[in-house]
Each structure stands twice: as structure tokens, then as C-alpha cells.
Amino acid sequence: MSQAAADTQTKKQILNWINKNGILLALILLFVALSVLNQYFLTATNLTNVARQVSINGILAVGMTFVILTAGIDLSIGSIAAICGAVAASLVVGDTAMSPMVAILAGVGVGATLGLINGGLVGYAFLPPFVVTLGMLSVARGTTLIFTDGMPISRLSDEFKFLGQGDVYGLPIPTLIFMAVVIVSWFALKHTVYGRWVYAVGGNPRSARTSGVPVRGVITSVYVIMGALCGLAGLILTARTTAALPQAGVAYELDAIAAVVIGGTSLAGGVGGIGATVIGVLIIGLINNGLDLMGVSSYYQQIIKGSIIVLAVLLDRSRRSHH
Amino acid sequence: MGSLTPLLEAQHVARAFHGVPAVRDGNIRIESGSIHALCGGNGAGKSTLINMLTGILQPDAGQILRNGEPVRYTSPRHALSDGISLISQELTTIFDMTVAENIFLGRELRRGRIGVNHKQQNEEAEALLKRLGFPISPTQTMATLSLAEMQLVEIAKAIGRDMQVLIMDEPTSALGEAEAERLFTAVEALRDHDVGIVYVSHRLSDLFRICDSYTVMRDGTFIEAGAMEEIDRHRLVTLIVGEELDEQKRPEPLPSQEPLLSVRGFGRADAFGEISLDLHRGEVLGIYGLMGSGRSEFVSALYGLDKADQGQLLVEGRELTINGPADALAAGLAFATEDRKVTGLVLTSSVGHNISITSLSDLASLGFIDQGKERHLIDQATARFGIKAASSAIDVAHLSGGNQQKVVLARCMATQPKVLICDEPTRGIDEGAKRQIYAFFQEFVAQGCAVLMVSSEIHEVIENCHRIIVFNQGQIADVLSSETVAQTSLVHLAS
């Protein structure tokens, strides 16, 4: 009897661990499976390639984590990234190219400004974030088309292209930027007053307000952060593709939201974090890479990815309801 | 009383969550034509027992008998179809529907195959509400009702179904005295129609008012059952808490008359008008009034959660401009709101983070939180208030009501306020936790601070407050000293 009780106890502990770390486990399993299934997967070239590929979605997903933690959503990130990339590109074209630093400041500045408009409308005018950012999705895309005249902006300076294509000690620049963004954001959410405010506002805005948290300011700020990170992502995308394309970043919001949700951050706000999002980003990155390596058509890839997102939330829901 | 087989009975039921028993040995007998009090502190296992009786949970051991026959309800719907209805603490109202639509939710009267017969529903709902004596129109939208009226609709909804057993979990916790009285009349009418009623409440006076028998649970275990007329208040409290409690005293007279907080001509259109009062050092000042009397709106405005249209606020003689809670906190005010789950706590965050949220700026430099300082604050607070939690890192949602309320107070104290404003500080929490909170108030004011406490529990106000302000229709109806006040005069003034 006591032996049986001890056995069930151990079994429970194991189940508990799986419950808590299920997503990490899924990532590890995926990695092992791909290593076994495809001989090319576990090569330095491919892994570097994956690291470069996930960076843009990773940066966007980190910003989206801030937004979703406050129970918000941002659908406009692809469009904002496109306009930021175009503005930055226009400054580094041909013979009159300015320093890439100027382009970076301009791109990030434009993103933060558009984020401020989103955030102000959500935080101070109390409009639903879905509606506000759906509007911005369209407005920013239209502006990009006008700004670029519907044509790619190319002939970018080599210094600028280095942002997307360069390496430092074998690590792609985009990956380094992504890692820096992750570390700063993780620290901000975990160890600063601001981070606590973000969780409190998402968990219960009324209680946060009673506790003296500047709720409207916090809500506005997460969209500004999101916008600034869109600027960064837009720059890298432009530098990688060596041109600012008017249709760049279409549907990028889907992968970013998917990464956050797969990681386990709750769309209801207040629960989740950067660590979870990084796992989500890597899972999506590995799925994309694995399907590419196996030669699965991109049409099927979309179906597979969509199903995985819904399945992840379904599993998460049943896991939570057992508590 | 007296029928041989009870309508519903639980025998030695047990239920655990993740290996932690919530109910170890639960017994209850519900007889027809009886109002049965189910008593116990927070965490005694009352809710789990109720959930097993109504099919929300299934027992791990023991059995449930319906008219003497063993049953196993697999869902609330299953229990409902067998004549067992539950009115839970949390309202299940749909705000955009009318009263009648809510009453008939899930069993809509049909016209043809798929249409809803609104006319018949409205008529039947009106007849039902009239029979119960609830002054609510069936065609009103739920969102336009007060919280108390919504509660009455919930009750009408349960009563409208044809059932033999009705379980009510804290039905009066949001009601004023007059509304509670109306509810009691309705419950008594049901009893006279041979319905068996289980009544769960922390308000002991309610239990003595309408129940005829009782069951006491403690630590998930059945303790005692008997007839209400054979037990007195003191013994019932002792059974619930499990130890002898000191008799509550009336507060000592005030040592000083030095005003700490002064309010002059405070008013907000439609809520309250021209309120002036002084709160002295060392004082617990009570505000007693019914729901909708403007009492909660008044204290919310004091704290800056709502704007006042007019009036002045002075702390230690200095006038303050309060544009929001941050200003109020800086001025030395703290506020424990009426509903800890809706406005008090961030349920998705940990116990510790809920305690430290208001005082983070004191714990941080350049925006970075000093983990050591924060840990120290949290450990001190959990020790001071005796907060029972496996760890301060677990979500505050997992705590019992009494412990959650202590977390709210600990958060308030973290800013070291001079004035603590509490709206219904002991609603829905057990007797032991209540006494701890009262003791904390006395300790707090003894340091030269003051408490402004809104409450609709007469005992609580009389036993704890130096003076009592009676609110009625947004005005101060009277100011009474606790030494001279009688319960009846309070109720009379407030209604």
C-alpha cells in the first residue's frame, strides 16, 4: 500500500514537471526529432541560418509579449516594420547615403511614433486594441506604398546591409540584436518597477490603479516599445533583403502572436514572459526550418503551423484547468 | 423536520486536490421543509462539499443519497434535472439581457420550434418576482440593476425552476439589511412549500434569523449537527473556530481630538452631496449605510479613484489636491476596496508581488527593484498578518478569502499610511480572520493613525468603531457614538 502510494507520488511529481515545462520539452523533442530525421539539420550552416531566420520574428515577438501581457494585441506590426524599413532605406541609398546610425535612429523613431499613436488611442481614448491596430495596419501599409511609390528602394550602402548580413565571431548580426533585445526585455520585466506594472495592469487594471500604478501610461508604453522594436525588425529585414519592399512584413503579426501564445503567455494578460516567448519563437523557427529541409511546400507549411498554434493553446487550456 | 429519509444526504464523503484533502469526512442531511445552516471557517471544506452535492465535483470516497437512494451526479446539469439547484457566490448574470431572459436562461419558453416566447416569459417572470416580493421589472436590462438587485434575480432564477433542494452560498454578502430581509421572506416561503434549503453564510445573525438546524465543518471534517434553538452564538463560534475566542470589546474612548483627516463639503452629483467629517488620531470611524447610499462612492472619491465635483480634503491640516490614487498614497492614505477579487488583487500575480506593488518605488533605485529589500518587506508583512500560504511566490488566487483580505491589508500597510480606508473589510471571510483584522485595526490606530471603515454589518461597526456615521441617500443621516448606539436605531436611520 505505502509502496503504491509512493509510486503514485513520484508519478504525480513527474506529471507536474511535464505540466510546468511542457513547452520546453516540446522544443527539445522537436530538436531531437529533426536531428534524427534530417542529416543536414544538425550542421553549423543550418543552425546559423535558423538563428538568423528567427531573429526578426523573435524581436517582434518580444515586443508582442509586452503588449499581450497587458491583455492587448498589435496587428499593425508588419506594416509598421515596412514603413520603418522604407524610411531607413531612403536615407542610405546610393551616393548620398548617410551613416547607418542615422537610418537606425530614423527607423526606430518612426516605429516608436506610430506605436505612440496606437498606445495613446488604446490607453487614453479607451479604444479596443484590436480595432486601433487593425486601422494602423491599413494606414501604415498605405503610407508605405505612397512613400515608396509602390517600388522597391534598393542600392543600399554596404554598411547598412551589414546589419542584416554581417557576422561577428560567426554569429549573425540579427541574432546578436535579437539576443540583446531578449536580455534587456527579460531584465525589464523581471527586475524593474516598470515590469511589475506591466504584469499588474494586465492581470487586473482596476487593482493596479488602486495600487497607484499609472495604468494608462503603462498601456501606452507597451505599444511604443512594440513600435520601436518593429523599427528594429524592419531595418534588419530591409538590410537582409538588400531592399525596402513595399509589401515587406505582410502577415508578420501572425508568427509573432503565435510565438507568444505557443510560449504560454496568456491572451487575457498578466501571465507569461520573455523566456516563454523565446521558446515559442524557436519552436516556430524549427518548424519552418524542418519543413523547408524536408521539402514540404510552403502552402502545407501554413496549414501545419496554424494547426500547431491552436493545438498549443488547447493543451495549455486543459493544463491550466487541472490546477 | 421529521420526515424519515432526507431529501439529500452526504455520508462520509471525501475529496482531495493534488493529494491535498479539501474534505476528509463530510456529512450533511437536508430535510424537506427545513433551512439548514452549513457553517465553517474559510478552508473548512464547505464549498467543496456543496460542489459534490451539486455535481460540480465527484467525491473520491463516501456516498450521496437522494431520497435514500445512492446517486452520482456527473455535472451541475445532471443535479439540476434531479431537483437540486445552487446559487453560488459568484453571479452568473448576463448583463445585456433582460431580467426575464436571465431568469429563463437555458430553459427558454418556446414559440414554435426555435422562437422564444418573450411575452409569456415576461409575464411569468413578473408573476414570480411579485410572488417573491422583489421590486424588479422583468423587462429591465440586467446592466441597469444594482448588485443587490442582480442577486435577487439570481435567486428568482433558481426558485423559478422546479426544485426540491436549494443551496445558497453567501446569498446576502452583497445585500443591505432591508434587501436581506426581503430575501429571508422568500426563503421562508420556499421552506413552507417543503423545499429543503442549505444556507451558507459567515453572517451569524442571518443563520440565527432563519435557519432551524445546522452542520459545522472544520478542516474538511464534520464536527457537529443539531437544531438551531439548542445552540447559542458563542458556542457556534467556538465550534467553527475550534478554540475559545475572547469576547469582543467595545473600543476604548478616544484619547485625543486631533483631526488627522478632514473632509469639507465633499460632493459628487448623483452619488453623494456636501459631506463634511473629521477623522481623529487613534480613531476607527465607521460608515454604515445600505448599498446605493453613496458610502462606497464617497470613499472611492476620497482616495481619488473617482473625481469629486466639489469640496476640500485636508490631511494633518494641509489641503490636498488628489487627482488619482498615486496622490492619495503619497499623502498617506491607503484604500482596501470593497471587492478584493474585482478591484483589490491582481489574481494572476503572486502573494508577494501583490504585497509590494504599491511600495515598489521605495524598494527600487533607478527603477531596478532591490530583491533583498522586497523579500524583507514581504516576509515581514506575511508574518505580521499571519498570511497562510505555502510560499509568497504562489498566485494569490490560490488563497482563501480571509488570507486574500490580509494580503490586501498588507499591501495597504506597505506604504506606511496614516489613514486606512476600508470598504467592507471582512466581507465573506471567516470569524477567526475577522477577529485578526479587528485586532489589527486597534493596533494600527494605537500608533496615532486612523481607520475609516465602511461596513454593512451592524455588529462589526458597533464593536469596532468609536463613532458611526450613517449614510442615507448620499447624505450623512446621523453621527452616533458607539457607546450609546443601538442596533435598531442604525437600521432605522439607514433605511
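Not measured: the values here are computed from a predicted model.

Draft legend 1. Here's a closer look at helix 6 (residues 158–165) of chain A. Residues and elements named next belong to chain A. Turning to helix 6, its buried residues are Phe160, Leu163 and Gly164. Projection of helix 6 onto a plane perpendicular to its axis shows the buried side chains occupying an angular sector of 85°, all on one side. Pointing more than 90 degrees away from the buried face of helix 6 are the exposed residues Asp158 and Glu159. On its buried face, helix 6 is in contact with helix 2 (44–69), helix 3 (77–91), helix 4 (100–123), helix 7 (173–191) and helix 10 (215–241).

Draft legend 2. View of the sheet that holds strand 15 (residues 284–288) of chain B. Residues and elements named next belong to chain B. Taken in spatial order, the 6 strands make up an open sheet running 18-21-22-15-23-24, and their pairing is mixed. Of all strands in the sheet, those with a lone pairing partner are strand 18 (333–336) and strand 24 (475–481), marking the two edges. Sheet twist, expressed as the average angle between the axes of neighbouring strands with direction ignored, equals 20°. Pairing between strand 15 and strand 23 (residues 467–472): 4 bridges, direction parallel. When the sheet's bridge partners are listed, Tyr288 is paired in strand 23 with Val470. Relative to the sheet, helix 15 (residues 401–413) contacts strand 18 and strand 21 (419–423), its axis offset from that of strand 18 by approximately 170°. Running at roughly 150° to strand 22 (residues 450–455), helix 16 (residues 431–446) makes contact with strand 15, strand 21 and strand 22 of the sheet.

Draft legend 3. Quick peek at the packing of helix 2 of chain A against helix 11 (residues 252–263) of chain A. Residues and elements named next belong to chain A. The contact between helix 2 and helix 11 brings their axes to 8 Å, and the two run at 65°. Every pair of crossing elements has a handedness; the one defined by helix 2 and helix 11 is right-handed. Only Tyr252, Asp255, Ala256, Ile257, Ala259 and Val260 of helix 11 make contact with helix 2, whose side of the interface consists of Ile56, Asn57, Leu60, Ala61, Met64, Thr65 and Ile68. For the contact of helix 2 with helix 11, the class distribution of residues is 10 nonpolar, 2 polar and 1 charged.

Draft legend 4. Spatial organisation of the packing of aromatic side chains. All names here are of chain B. For the coordinates displayed, the defined rule picks out 11 aromatic pairs over all chains. Ring geometry for Phe440 against Phe444: centres 5.9 Å apart, planes inclined by 25°, an arrangement best described as stacked. One end of the pair is Phe440 and the other is Phe444, both in helix 16 and 4 residues apart, which spans about a single turn. Taking relative accessible area as the criterion, Phe440 reaches 5% and is therefore assigned buried. With a relative accessible area of 2%, Phe444 lands in the buried category. Within the aromatic cluster, the residues linked to one another by ring pairs are Phe266, Phe272, Phe298 and Phe471.

Draft legend 5. Spotlight on the interface of chain A and chain B. With 24 residues of chain A at the contact, the number on the chain B side is 29 residues. A buried area of about 2,100 Å², summed over both sides, lies between chain A and chain B, and 55% of it is on carbon and sulfur atoms. For Arg196 of chain A, the salt bridge goes to Glu374 of chain B, with nearest N and O atoms at 2.5 Å. Seen at the junction of chain A and chain B, the total is 10 residue pairs in polar contact (both at pLDDT 80 or more). At the level of secondary structure, the elements contributing two or more residues to the side of chain A that touches chain B comprise helix 7, helix 8 (193–203) and helix 9 (205–210) of chain A. At 6 residues, the largest contribution of residues to the side of chain A that touches chain B is made by helix 8 of chain A. Taken together, the residues of the side of chain A that touches chain B break down into 7 nonpolar, 12 polar and 5 charged.

Calculation criteria
Residues numbered from 1 in each chain as written. Chains lettered and ligands numbered in written order. Predicted model: local features only at pLDDT ≥ 70, side-chain atom pairs only at ≥ 80, totals over all residues. Heavy atoms only, no water. Buried < 20%, exposed > 50% of the residue type's maximum accessible area, 1.4 Å probe, protein only. Helix = DSSP H or I, 4+ residues; strand = E, 2+ residues; numbered from the N terminus. Arc of directions from axis to C-beta. Contact = heavy atoms within 4.5 Å. Pairing = 2+ DSSP bridges. Axes fitted to C-alpha atoms, helices over the stretch in contact; angles between N-to-C directions. Left-handed = near helix turned anticlockwise from the far one by under 90°. Nonpolar A, V, L, I, M, F, W, Y, C, P; charged D, E, K, R; others polar. Phe/Tyr/Trp six-rings, centres within 6.5 Å; stacked < 30°, edge-to-face > 60°. Buried area = accessible area lost by both parts, 1.4 Å probe. Salt bridge = Lys/Arg side-chain N within 4 Å of Asp/Glu carboxyl O. Polar contact = N/O pair within 3.5 Å; in protein donor to acceptor, adjacent residues only side chain to side chain.

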